[in-house]
Every structure is written in C-alpha cells, then in structure tokens.
Amino acid sequence: MNIYKEKDYAAVSRRAANIISAQIIQKPDSVLGLATGSSPIGTYDQLIEWYQKGDLDFSKVSTINLDEYLGLAANDPNSYHYFMNKHLFSKVNINAEKVHLPDGTALDIETECNTYDSMIGSLGGIDLQLLGLGHNGHIGFNEPSDSYTAGTHLVHLSQNTIEANARLFSSINDVPRKAITMGIRSIMFAKRILLVVSGADKADALHKTIYGPITPQVPASILQLHPNVSIVADEAALR
Ligand code: GLP
C-alpha cells in the first residue's frame, strides 16, 4: 500500500485528483470506478477546475459507480445518480452514455445486479477505483459481515451507516434501509485503487484497514491484498 499523508482535506483532494488526472492523461479512455459521500467531493471539485482550465478531457472516459440506494430514482436529490450529476458529470465533458450507476428503481434486483456485473466485464474491468471509507470500514456499501460478497448485490444497511448518512436526509426515517452495491470482486479486480480518507472520526476504521487482520468484519481490510492501492489521508485520519 502506498500511503500519502496529507495535511488536511484540501491537500487530500488535490493529491487524489492528481492521481486520477494522471490516469486520464495516460489513458484517455480509462474506466474509472467512482464513489459518493463527502470524501471525494473535494477531489471532484479539483478535477472540474482542471477540466475548466483545459488540462483534462473526459470525453473518452467511462465511469462505473459503486452503489445506489434502493428505491431512489435518478432525479431524487438523495440518490447517488443525483449526487454524481451535481458534483461531477454535469460539470465536465463526460459522455452520458459512458456513465453507469446501479438502478435503484429496478423491479428485478437480481437481474439488475447481474447486468451491472456484465457491464463491468464488457468494459474490460476498472482501471482506477476511487473509494471512500465508512466509519465501520465499509467500502461501497459492502457492510461488515461474516463473509465477503463477490458480485453486485442487494445489501441491508447497518444501523451505523444509516445514522452516518442521515445527515444528508431531512430525517433518519427517510434514509433507505437497502442499497445495491458493487461487490468485493469488482473492486479487487480494479487495476488500481485509490482510497481517500479524512477526519479523526475515520482514524479507527483506517487503522484497522491498514494494520488490522483481513476480515469481512472490516471490509476495507481486504485492500491489503491488492497489489496497487494508494491511500490518501489527512493527518487526523492517519494516526
Ligand atoms: C457511503 C457510501 C460509501 C462512502 C461512505 C463514506 O456509505 N456508500 O461509498 O465511502 O458513505 O462517506 P463519507 O465520505 O461521506 O464519510
């Protein structure tokens, strides 16, 4: 694991954006695995700034997002579709046909999950997967469990995650209890992984991710087995 210790969130965002932009410059038709949450927003802002300056071109890039809440339509302000449009897609020259997120409104969830895995395969897998880290060590919505799940699947969110994500909803009762998430196989098959972490509240989860035993109880700990992981974290998260 390459660990980049940065001063604060702004420096984490600049470093992560540097790594992503290098990927796009070296391979303009890169397949980027993207994440939601507060952690990558600064990274997206920096990428947008460089795009506006003319230094980045997203026209050939494909994207595959990690997850989506079950039951939320793309135009729901709390959906991850909406988040990605707001924080990145609407602000760069990405081709809407090359953007992929699980459909939270799919009637047949099993088919939706299988289709998502086939789509990842047909794009040749992920070149660079951006990840945030849940307080309980989750990646995407792969929650602590007795075993890892390989493929895209339906997940019941843990109480911890529901509480952590409630800040973005008008009431905790509005937080969906289920989500569709990419599985551990697609994440681990990414050629490169970039984990961005910020804040003292993530320090315990990050420490277990890097130094703890590899266990599905701390889903991110499996990243120890990946040959090309970069962790970009601020001083507060990296104790
Ligand atoms: C959600 C997302 C994860 C994200 C996590 C942490 O649960 N599904 O992909 O990493 O939140 O979010 P934040 O960066 O806001 O702490």
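Structure shown above.
About the cut-offs
- Residues numbered from 1 in each chain as written.
- Predicted model: local features only at pLDDT ≥ 70, side-chain atom pairs only at ≥ 80, totals over all residues.
- Heavy atoms only, no water.
- 1 Å grid on protein atoms, 1.4 Å probe; cavity = no way out; pocket = protein on both sides within 12 Å on 5 of 7 lines; lining within 4 Å.
- Points joined across faces, edges and corners; volume = space filled by probe spheres on them.
- Nonpolar A, V, L, I, M, F, W, Y, C, P; charged D, E, K, R; others polar.
- Phe/Tyr/Trp six-rings, centres within 6.5 Å; stacked < 30°, edge-to-face > 60°.
- Buried < 20%, exposed > 50% of the residue type's maximum accessible area, 1.4 Å probe, protein only.
- Helix = DSSP H or I, 4+ residues; strand = E, 2+ residues; numbered from the N terminus.
- Near = heavy atom within 4 Å.
- Polar contact = N/O pair within 3.5 Å; in protein donor to acceptor, adjacent residues only side chain to side chain.
- Sits in = over half its atoms within 2 Å of the grid points.
- Expected span 1.5 Å × (residues − 1).
- Contact = heavy atoms within 4.5 Å.
- Axes fitted to C-alpha atoms, helices over the stretch in contact; angles between N-to-C directions.
- Parallel < 35°, antiparallel > 145°, perpendicular 65-115°, else oblique.
- Left-handed = near helix turned anticlockwise from the far one by under 90°.

Observations regarding empty space enclosed by the protein
Over the atoms rolls a probe the size of a water molecule, and in doing so it shows where empty space is left.
Next up, step 1: Enumeration over the complete set of coordinates arrives at 1 cavity of 30 Å³ or more.
Next up, step 2: Taken as a whole, the largest cavity encloses approximately 30 Å³ of empty space.
Next up, step 3: Per-class residue counts for the lining of the largest cavity are 6 nonpolar, 1 polar and 1 charged.

Some points on the packing of aromatic side chains
Next up, step 1: A full pass over the atoms with the stated rule returns 5 aromatic pairs.
Next up, step 2: The interplanar angle of 70° and the centroid separation of 6.3 Å between the aromatic rings of Y51 and F58 together place this pair among those described as edge-to-face.
Next up, step 3: By relative accessible area, which is 2% here, F58 ends up buried.
Next up, step 4: Considering the side-chain rings of Y80 and F141, the 6.0 Å spacing of their centres and the 20° angle between planes classify their relative orientation as stacked. In this pair, Y80 is assigned in helix α3 (residues 80–87) and F141 in the loop between β6 (128–131) and β7 (153–156), connecting sequence segments 61 residues apart. Here Y80 matches F141 in class, with each residue buried.

Let's talk about the layout of surface pockets
Next up, step 1: Put simply, the largest pocket is a space of about 450 Å³.
Next up, step 2: For the largest pocket, the lining is made up of 28 residues, of which T36, G37, S38, L133 and K202 are closest to its centre.
Next up, step 3: Elements that contribute at least two residues to the lining of the largest pocket include exactly β4 (67–69) and α5 (159–165).
Next up, step 4: Taken together, the residues of the lining of the largest pocket sort by class into 11 nonpolar, 13 polar and 4 charged.
Next up, step 5: Roughly 240 Å³ of internal volume is contained in the second largest pocket.
Next up, step 6: Together, 15 residues line the second largest pocket, and P77, N78, F83, H87 and L168 are the ones closest to its centre.
Next up, step 7: Sort the elements by how many residues they give to the lining of the second largest pocket and α3 lands first, with 5 residues.
Next up, step 8: Residue composition of the lining of the second largest pocket, by class: 8 nonpolar, 5 polar and 2 charged.

So, the site of the ligand
Next up, step 1: S38, S39, D67, R167 and K202 are the nearest of the 14 residues found near the ligand.
Next up, step 2: Between L133 and the ligand, the recorded distance is 3.5 Å, taken from a backbone N or O atom to an oxygen atom.
Next up, step 3: A distance of 3.3 Å separates an oxygen atom of the ligand from a polar atom in the side chain of N165.
Next up, step 4: Among the detected pockets, the ligand sits in the largest pocket.
Next up, step 5: In the shell around the ligand, the residues fall into 3 nonpolar, 8 polar and 3 charged.

Some words on helix α1 (residues 9–26)
Along an α-helix, a turn takes 3.6 residues, which lines up residues three or four apart on a common side.
Next up, step 1: Taking 1.5 Å per residue as the helical rise, α1 with its 18 residues ought to reach 26 Å, and the 26 Å between its terminal C-alpha atoms agrees with that figure.
Next up, step 2: Three or more residues of α1 are buried, namely A11, V12, S13, A16, A17, I19, I20, S21, Q23 and I24.
Next up, step 3: Those residues of α1 that are buried are in contact with β1 (2–6), β2 (31–34), α2 (41–52), β6, β9 (192–197) and β10 (229–234).

Some remarks on the packing of α1 against α2
Next up, step 1: Remark: α1 packs on α2, axes separated minimally by 8 Å, with the N-to-C direction vectors making an angle of 55°. Taken together, α1 and α2 sit at an angle that is classed as oblique. As α1 runs across α2, the sense of the crossing is right-handed. Contact residues: Y9, S13, R14, A16, A17, N18, I20 and S21 in α1; I41, G42, T43, Q46, L47 and W50 in α2.
Next up, step 2: The residue inventory of the contact of α1 with α2, partitioned by class, reads 7 nonpolar, 6 polar and 1 charged.

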